[in-house]
Amino acid sequence: MRKLTYFIAASIDGFIGDPSGEADFFTRYVDEEFFGFLKEEYPETLPTPGRQPLGIDHLENKRYDTIIQGRRSYAVALDMGITSPYAHMRQLVASRTLTSTDPAVEIVSGDVAAEVRELKKEEGLGIYLCGGANLAAELVDEVDELVVKTYPLILGSGMPMFGTEFAQTEFALESNRTFGNGVVVRTYGRKR
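Now for a description of the structure that goes with this document.

So, how was this worked out
Residues numbered from 1 in each chain as written. Predicted model: local features only at pLDDT ≥ 70, side-chain atom pairs only at ≥ 80, totals over all residues. Heavy atoms only, no water. Buried < 20%, exposed > 50% of the residue type's maximum accessible area, 1.4 Å probe, protein only. Helix = DSSP H or I, 4+ residues; strand = E, 2+ residues; numbered from the N terminus. Pairing = 2+ DSSP bridges. Right-handed = clockwise from strand over helix to strand, strands pointing away. Salt bridge = Lys/Arg side-chain N within 4 Å of Asp/Glu carboxyl O. Core = buried A, V, L, I, M, F, W, Y, C linked by side-chain atoms within 4.5 Å. Contact = heavy atoms within 4.5 Å. Axes fitted to C-alpha atoms, helices over the stretch in contact; angles between N-to-C directions.

### Focus: the pairing of strand S4 (residues 90–94)
For a regular strand, side chains alternate in direction, first toward one face of the sheet and then toward the other. The buried count for S4 comes to four of five residues, which makes it a mostly enclosed element. In terms of strand pairing, strand S3 (residues 64–70) meets S4 through five bridges, oriented parallel. Note that in S4 the partner of Thr66 across the bridge is Arg90. This β-α-β element, S3 to helix H3 (residues 71–79) to S4, shows right-handed connectivity.

### Examining the pattern of salt bridges
Per the stated rule, a full pass over the model turns up 15 salt bridges. Among the salt bridges present, the one from Arg51 reaches Asp57, with a minimum N-O distance of 3.9 Å. Here Asp57 falls in the partly exposed class, since its relative accessible area comes to 43%. The structure contains a network of salt bridges with shared partners spanning Arg2, Asp65, Arg90, Glu106 and Glu122.

### Re the nonpolar core
Core analysis: the biggest nonpolar cluster contains 26 residues, and Leu4, Tyr6, Ile68, Leu129 and Leu139 have the highest contact counts within it. For this core, the secondary-structure elements that each account for two or more residues are strand S1 (4–11), S4, helix H4 (112–121), strand S6 (126–130), helix H5 (133–139) and strand S7 (145–151). The residues touching Leu139, leaving out its near neighbours within four places in the chain, are Leu4, Val112, Ala113, Val116 and Leu129. In terms of nonpolar packing, the next biggest core, distinct from the first, is built from 23 residues, Leu38, Cys130, Phe179 and Val185 among them.

### Remarks on the sheet that holds S6
Taken in spatial order, the eight strands line up as S5-S4-S3-S6-S1-S7-S10-S9 in an open sheet, and their pairing is mixed. Edge positions in the open sheet fall to strand S5 (105–108) and strand S9 (171–178), since each of these has one partner strand only. Here the average twist between neighbouring strands, direction ignored, is 25 degrees. Where S9 lies against strand S10 (residues 184–190), seven bridges are found, and the strand directions are antiparallel. In the sheet register, Asn176 faces S10, and the bridge partner there is Arg186. The sheet strands contacting helix H1 (residues 32–41) are S1, S7, S9 and S10, and the helix crosses S7 at an angle near 165 degrees. Sheet strands in contact with H3 are S3, S4, S5 and S6, and its direction is about 100 degrees off that of S3.

So, to be careful, I would describe these as geometric facts and stop short of saying anything about function.
Here is the structure:
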């Protein structure tokens, strides 16, 4: 069965963006060492429009062949005129308000958790949950793995990783990698 992985950037205090959801400030930590790690381990998580200029458009997907993101995350690409931000993967956007903007992007307007359960039954690589505290909250019971890229910043407030009510959900640390720029990447597996 395929896994749903929440692959997310976060501050030390657990926020994935400022109060408006903006998170561009994390990109300043993508130095040569950290970019090399992303390119080697998670090349498919880099959006299609950046892959060619970075010289990595030829790299195959290693971990994920499907991406699901929330409407607000997808809107970042739409605001730049990009309708298929991850053209190298199957793309789904969870939204009750969007209509199709690109034939390569599937809009999920119904039960997104049920859709993910169906995706997990399919053959292929894993499913990349790409941001959105609200979408992560809807899918918290379906998340099998967390890959948290913690950046050496404290935001104080902002968008949390999961926009959920209090509920304890246990994960086990599977790996931990530290970079010279202060970034720490931790991988956790769901305890079921």
